[in-house]
Amino acid sequence: MTRQRPAKAPVPAGLGGRKWLPLGIALALVIALGVQFAFLSGFLSPAVTPVRTGSPLSLEGFEQTEVTVTPSVIYLTAGCRQLAMASTDSQTYSIRLGLEKEVDVRPTVHDVMKDLIENLGITVRMAKIEDLQDSTYYARLLVQQGDKLLGLDSKPSDAIAVAVRFDAPVYV
């Protein structure tokens, strides 16, 4: 029995080169190993903060959203309200692949992160878009391993791209 390759998804302009793939995989490995090190050793960088009192899982003031994308725009919709965030074509492409549960011919960095997170026994709890300062949105990806809960400082597009791959909710 021969193994068939998945059909190629259309690649946005400027994403066809493979020269960035090794860098993306290396970045995902470094991030995943850093998170694992933080869990095991208790050492955390400022971008990786342990969740303490005042539960970060609290959703007071937040609404769960539905994620949709068009090239260069991420839409977060809750009821009759919608937040549109500008992003890059490559980020919205990766989010679209995650929403459609597709993997391109070569995996994106977010696909590699999904594999690493799953294999390290980490659960993605949610993505929260927490703040807007000087036209920049700030997000946190909440992950859990056993009884340890971490809030990872993240670009909203990265937090969303990882969350949709795990069917984790996205809050604003």
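Note that the coordinates shown come from a computational prediction; the quantities given were computed from them, not determined experimentally.

### A look at the confidence of the model for the protein
Per-residue pLDDT for the protein averages 81, and the proportion of residues at 70 or more is 69%. Across the protein, the element-wise mean pLDDT spans from 52 in strand β1 (residues 48–50) up to 97 in helix α4 (residues 156–165). Note that residues 40–46 has pLDDT below 50 and, in this model, 7 contacts with residues that lie over four places away or in other chains.

### Comments concerning the packing of aromatic side chains
Using the criterion set out here, one finds 0 aromatic pairs in the structure. Lying across the ring of F166, K114 places its NZ or CZ 5.6 Å from the centre. Its guanidinium or amino end placed over the ring of F62, K128 lies 4.3 Å from that ring's centre, counting from NZ or CZ.

### Focus: the packing of helix α2 (residues 89–99) against α4
As a packed pair, α2 and α4 sit with axes 8 Å apart at the nearest point and diverge in direction by 15°. The pairing of α2 with α4 is recorded here as roughly parallel in orientation. The way α2 lies across α4 gives a crossing that is left-handed. Of the residues in α4, those touching α2 at Q91, S94, I95, L97, G98 and L99 are S157, D158, I160, A161, V164 and R165.

Calculation notes
- Residues numbered from 1 in each chain as written.
- Predicted model: local features only at pLDDT ≥ 70, side-chain atom pairs only at ≥ 80, totals over all residues.
- Heavy atoms only, no water.
- pLDDT = per-residue confidence, 0-100.
- Helix = DSSP H or I, 4+ residues; strand = E, 2+ residues; numbered from the N terminus.
- Contact = heavy atoms within 4.5 Å.
- Phe/Tyr/Trp six-rings, centres within 6.5 Å; stacked < 30°, edge-to-face > 60°.
- Lys NZ or Arg CZ within 6 Å of the ring centre and 35° of its normal.
- Axes fitted to C-alpha atoms, helices over the stretch in contact; angles between N-to-C directions.
- Parallel < 35°, antiparallel > 145°, perpendicular 65-115°, else oblique.
- Left-handed = near helix turned anticlockwise from the far one by under 90°.

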